[in-house]
Number of protein chains: 2
Amino acid sequence: MLRHLVRPNDSKIILLVMDGLGGIRSEEFPKTALEAARTPNLDALARAGACGRSMPISHGITPGSGPAHFALFGYDPLAPENDVGRGVLEVTGVGYKLLDTDVAIRGNFATKDGDGVLTDRRAGRIPHEEGERICAKLQRSITEIDGAEIIVMPVREYRFGVVLRGTGLDPDVEETDPQLTGRKPFAPQPRSPGAKRTAEIIAEFIRRANDVLSDEKKANTVLMRGISSMPVIESFADRFGLNGAAVAAYPLYRGVAGLCGMKLIDTGYTVKEEFETVRAIYSEGYDFIFIHIKKTDSYGEDGNIEGKIKVIEEVDEHLPILLELEPDVIAVTGDHSTPCALKSHSWHPVPFLVKSAVCGKDEVETFGESDCDRGTLSVFPAIKIIELLLANAGKLKKHGA
Amino acid sequence: MLRHLVRPNDSKIILLVMDGLGGIRSEEFPKTALEAARTPNLDALARAGACGRSMPISHGITPGSGPAHFALFGYDPLAPENDVGRGVLEVTGVGYKLLDTDVAIRGNFATKDGDGVLTDRRAGRIPHEEGERICAKLQRSITEIDGAEIIVMPVREYRFGVVLRGTGLDPDVEETDPQLTGRKPFAPQPRSPGAKRTAEIIAEFIRRANDVLSDEKKANTVLMRGISSMPVIESFADRFGLNGAAVAAYPLYRGVAGLCGMKLIDTGYTVKEEFETVRAIYSEGYDFIFIHIKKTDSYGEDGNIEGKIKVIEEVDEHLPILLELEPDVIAVTGDHSTPCALKSHSWHPVPFLVKSAVCGKDEVETFGESDCDRGTLSVFPAIKIIELLLANAGKLKKHGA
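In this report, the structure presented in the accompanying data block is examined. (Residues numbered from 1 in each chain as written. Chains lettered and ligands numbered in written order. Predicted model: local features only at pLDDT ≥ 70, side-chain atom pairs only at ≥ 80, totals over all residues. Heavy atoms only, no water.)

### Side note on the packing of aromatic side chains
Across all of its chains, the model carries 16 aromatic pairs over all chains by this definition. Relative to Y75 of chain A, the ring of F70 of chain A has its centre 6.0 Å away and its plane inclined at 70°; by these criteria the two rings are edge-to-face. Across the pair, exposure class does not vary: F70 of chain A and Y75 of chain A are buried alike. For the ring pair Y250 of chain B and Y269 of chain B, a centre distance of 5.2 Å and an interplane angle of 90° mean the geometry is edge-to-face. Here Y250 of chain B is found in the loop between strand 9 (244-248) and helix 8 (251-259), whereas its partner Y269 of chain B is found in the loop between strand 10 (263-265) and helix 9 (271-281), with 19 residues between them in sequence. With a relative accessible area of 15%, Y250 of chain B lands in the buried category. Every member of this aromatic cluster is reached through a ring pair, and the members are F73, F236, F240, F288 and F290 of chain A. Of note, R239 of chain A hangs over the ring of Y75 of chain A, and the distance from its end group to the ring centre comes to 4.3 Å. Seen from the ring of Y282 of chain B, K12 of chain B lies directly overhead, with NZ or CZ sitting 4.7 Å from the centre. (Phe/Tyr/Trp six-rings, centres within 6.5 Å; stacked < 30°, edge-to-face > 60°. Buried < 20%, exposed > 50% of the residue type's maximum accessible area, 1.4 Å probe, protein only. Helix = DSSP H or I, 4+ residues; strand = E, 2+ residues; numbered from the N terminus. Lys NZ or Arg CZ within 6 Å of the ring centre and 35° of its normal.)

### Some points on the interface of chain B and chain A
The interface of chain B with chain A comprises 27 residues on the first partner and 24 residues on the second. With both sides pooled, the region where chain B packs onto chain A buries about 2,100 Å², and carbon together with sulfur makes up 58% of that total. Sorting the residues of chain B by area buried against chain A places R25, H59 and W347 of chain B first, and these three jointly supply 29% of that buried surface. Counting across the chain B and chain A interface gives two salt bridges. For E363 of chain A, the salt bridge identified is with R25 of chain B, shortest N-O distance 3.1 Å. Summed over the shared surface of chain B and chain A, the result is 10 residue pairs in polar contact (both at pLDDT 80 or more). (Contact = heavy atoms within 4.5 Å. Buried area = accessible area lost by both parts, 1.4 Å probe. Salt bridge = Lys/Arg side-chain N within 4 Å of Asp/Glu carboxyl O. Polar contact = N/O pair within 3.5 Å; in protein donor to acceptor, adjacent residues only side chain to side chain.)

### Digging into the pattern of salt bridges
Enumeration over the complete set of coordinates arrives at 50 salt bridges over all chains. Of the charged contacts in the structure, one is a salt bridge between D102 of chain B and R165 of chain B, with a shortest N-O distance of 2.6 Å. One end of the pair, D102 of chain B, is in the loop between helix 4 (86-93) and strand 3 (103-112); the other, R165 of chain B, is in strand 7 (residues 159-165), with 63 residues separating them in the sequence. Among the salt bridges present, the one from K137 of chain B reaches E216 of chain B, with a minimum N-O distance of 2.5 Å. Taken together, the positions of K137 of chain B in helix 5 (residues 128-141) and E216 of chain B in the loop between helix 6 (196-212) and strand 8 (221-228) put the pair 79 residues apart, joining distant regions of the chain. Each member of the pair K137 of chain B and E216 of chain B is classed as buried. It is possible to trace a salt-bridge network through shared partners that takes in E130, R133, K137, D215 and E216 of chain A.

### What to know about helix 6 (residues 196-212) of chain A
Residues and elements named next belong to chain A. For helix 6, with 17 residues, the first-to-last C-alpha span of 24 Å sits near the 24 Å given by 1.5 Å per residue. Looking only at helix 6, the buried set comprises T198, A199, I201, I202, A203, F205, I206, A209 and V212. Close packing links the buried residues of helix 6 with strand 3 (103-112), helix 5 (128-141), strand 5 (144-145), strand 6 (148-156), strand 7 (159-165) and strand 8 (221-228). (Expected span 1.5 Å × (residues − 1).)

### Quick look at the relation of the copies chain B and chain A
Once chain B is rotated about the relating axis by 128° and shifted along it by 0.5 Å, it coincides with chain A to within an RMSD of 0.2 Å. The residues that chain B uses at the interface reappear at the interface of chain A in only 7% of cases, marking distinct surfaces. (Least-squares fit on C-alpha atoms with pLDDT ≥ 70 in both.)

### Details of unusual backbone geometry
Non-glycine residue R125 of chain A carries a positive phi angle of around 45°. If you trace the backbone, R125 of chain A turns up in the loop between strand 4 (118-120) and helix 5.

### Topic: the packing of helix 9 (residues 271-281) of chain A against helix 11 (residues 305-323) of chain A
Residues and elements named next belong to chain A. Taken N-terminus to C-terminus, the directions of helix 9 and helix 11 make an angle of 15°; their axes are 9 Å apart at the nearest point. In terms of orientation, helix 9 lies roughly parallel with respect to helix 11. In this structure, helix 9 crosses over helix 11, and the sense of that crossing is right-handed. Across the interface between the two elements, V271, K272, F275, E276, V278 and R279 from helix 9 touch E314, V315, H318, L319, I321 and L322 from helix 11. Classifying every residue of the contact of helix 9 with helix 11 gives seven nonpolar, one polar and four charged. (Axes fitted to C-alpha atoms, helices over the stretch in contact; angles between N-to-C directions. Parallel < 35°, antiparallel > 145°, perpendicular 65-115°, else oblique. Left-handed = near helix turned anticlockwise from the far one by under 90°. Nonpolar A, V, L, I, M, F, W, Y, C, P; charged D, E, K, R; others polar.)

### Quick notes on the sheet that holds strand 14 (residues 379-381) of chain B
Residues and elements named next belong to chain B. One open sheet holds the eight strands; their spatial order is 10-9-11-1-12-13-2-14, and the pairing between them is mixed. Only two strands of the sheet have a single neighbouring strand rather than two, namely strand 10 and strand 14. The mean inter-strand angle of the sheet, taken between neighbouring strand axes irrespective of direction, is 25°. Across five bridges, strand 2 (residues 50-55) lies against strand 13 (residues 350-355) in antiparallel orientation. In the strand pairing of strand 13, S54 is matched with V350. Set on the sheet, helix 8 makes contact with strand 9, strand 10 and strand 11 (288-293); between it and strand 10 the angle comes to about 150°. (Pairing = 2+ DSSP bridges.)

### Some remarks on the side chain of S228 of chain B
Residue and element names in this part refer to chain B. Mapped onto the elements, S228 comes out in strand 8. Take S228: its relative accessible area is 6%, and that puts it in the buried class. Within the structure, the side chain of S228 is placed 2.8 Å from the backbone oxygen of G226, a separation counted as a polar contact. Setting aside residues up to four positions removed in sequence, S228 forms contacts with G85, R86, G87, V88, D102, V103, A104 and P171.

### Regarding the packing of helix 2 (residues 40-48) of chain B against helix 11 (residues 305-323) of chain B
All names here are of chain B. Two numbers describe how helix 2 lies on helix 11: the axes approach to 7 Å, and their chain directions differ by 60°. Counting all contacts with helix 2, which are made through P40, N41, L42 and L45, the residues of helix 11 involved are I312, D316, E317, L319, P320 and L323. For the contact of helix 2 with helix 11, a count of residues per class yields seven nonpolar, one polar and two charged.

### Quick look at helix 11 of chain A
Residue and element names in this part refer to chain A. For helix 11, spanning 19 residues, the distance from its first C-alpha to its last is 27 Å, which sits close to the expected 27 Å at 1.5 Å a residue. When the local axis directions of helix 11 are compared, the greatest deviation, roughly 35°, occurs at E317, which is followed within four positions by the proline P320. For helix 11, every residue scored as buried is listed here: I305, G307, K308, I309, V311, I312, V315, D316, H318, L319, I321 and L322. Turning to helix 11, the residues buried within the fold contact strand 1 (13-18), helix 1 (33-36), helix 2 (40-48), helix 9, strand 11 (288-293) and helix 10 (295-302). (Bend = angle between axes of the 7 residues up to and from the residue.)

### Concerning the nonpolar core
Of all hydrophobic cores here, the largest spans 59 residues; its most connected members are F73, F236, F288, F290, F352, V354 and L389 of chain A. At six residues, helix 13 (residues 385-392) of chain A tops the list of elements feeding residues into this core. Here F290 of chain A is in contact with L15, V17, H69, F73, A245, A246, V247, A248, Y253, A257 and M262 of chain A, once residues within four sequence places are set aside. In terms of nonpolar packing, the next biggest core, distinct from the first, is built from 52 residues, L2, L89, I233 and L396 of chain B among them. (Core = buried A, V, L, I, M, F, W, Y, C linked by side-chain atoms within 4.5 Å.)

Take a look at the structure:
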């Protein structure tokens, strides 16, 4: 329905996403992090723009990072075809190109005791370099099981990816992570008859990994999670006529953007580095640039409001790097809320602002949760954001005569 | 789901639609037309009523007049069966009764040079009387082509309607209007094999019309647009239990209202004439009266904010004619926004107010875009307006025990 309304032009859109941006007020936190932060640049954007609250799924439904980003990119977060496994997201997020017949697995290095009981599900959060060393060690010893090629790759710290490549593989296999220490990992059980051989290959991988890692102090076993294959997803370009680029440092967000067909840009991890990356690619012909800031969510999950405030202020401080590019449309929001009061993702709608020459300025003066409650966009589904940005960019014709 | 909730009573609803009412603030226009207009009567209604912003389709999607009015009348503007051709809308809008087997065409009189190249797509906007004269001239010469009866009727100024009546006709034919001057019109191409004969009839009509009009200075050719047949649409009475009347001067809006089964009332073009028409029919048993004011949109499309303000003030000045009728429910809104800053229809939500004894008064003091942003109805889909008005009129039972 929408695609035929798209009318390409030269205008450029920036979508700046602070992960888990939204918060709630509570007795402990009488202001949210966004309300407490000093944000003169974001406030000026809110004053000149149109504000509201974006709803990742619906009142009461808390999204994971994958669905939340699919919604931001205009894909139904509840559609089965967009329920992409974490294995696929992590592996594609580090830039690995999956075949449709591959099975991708997200692994955790973990610590077990002499009885095989888990004592640490994250192997003491070993540093990234340790993870790289151990992945190389595994890959040297394990390259093929029952005719399937085995590819092992580091993701980040204690997290790694495994790809099974071959014919007749089926990802319909249960995870082995029991989610608690003091227990043994589960065996990889097939959920359907066709996945029996794949489950056996994964079981054999775990046995061999336990052998190879037996001399490691921390990372002496593996947990296999998010066992999955590539979904069939209409590309962002086909869906919205946009040539998109993703400036995101963390694998999962790169993974979702990559699945939607956005170009994944290499970038540093700091806010300033990410914004400088946008500046560096700005003249390269992209008309949609997605920027992902991770740390707002991490501090929210820790309940660390000072940390979350500091990241928001860091974004505000460096925002002029983006503003000086004079994008035709700039929008700022989060993928979901991560209130410090909850130390977790939540369902609360997320502050949203869009600024363009035709945004329909409202009377919101500062960028915050309660301010955005009074904005002209009201509470609206995150899945409509891309259409709204296309309209602001003059890239949509009218529907009907 | 809704129909079984309808509980008829004697209460009366007035829906006053100012076409393209909504606006946006911009550098050039720091206030919208509605905000700048002096509207004591509308403000009093807003103060006594409940306000919000109605959303014709969704954030970012700009509706044409047809879809926007279908939404106002409670019909899904995106449903294929409500995607009615302009030919049908124009021909039914002038009161012509179409058969299901007819093909209706919206025609433009246009000017071509000696080589058949278009020099004016609207024949210099010839006056309505000229259009009537030329239609009569065409009708005298062309009454039948290949077994199909040909009916020609004036619509307004340079616009006319053609109905093909017969068996085996199929409207799946491309328009001939190239949308630009300096080009020759397209031939009427069939889009499917079944429409071949209809396309040939239209081509023959154009050839004969060119002959008949060869001595005209301005209107010496025709463009054929919106080739379409009657859709199957549930009537307003069946859907909502309402006996509706439409007080609208312009054909397209009469067309949509007529397709929904509302009674089309003859009326003059000025605001005062339209309101007097409502007064004249008020005791005739209608429990829903739709009033359409066109010029707010026309001035918006011209970017003429003084003109738009003046029409809004004219509506306000004559509003007491409606208020003295003491309708149980009165609602005021637009079908979509037409900001002077954009000189076109837009996606921005439209100021909306409803006043009844049970509307749920909010704290909005004046009728304007930003005022309505703070209203109790928030931003809500236009397709829900009729249900809201039915409820305010006491015409809806509760759902469930």
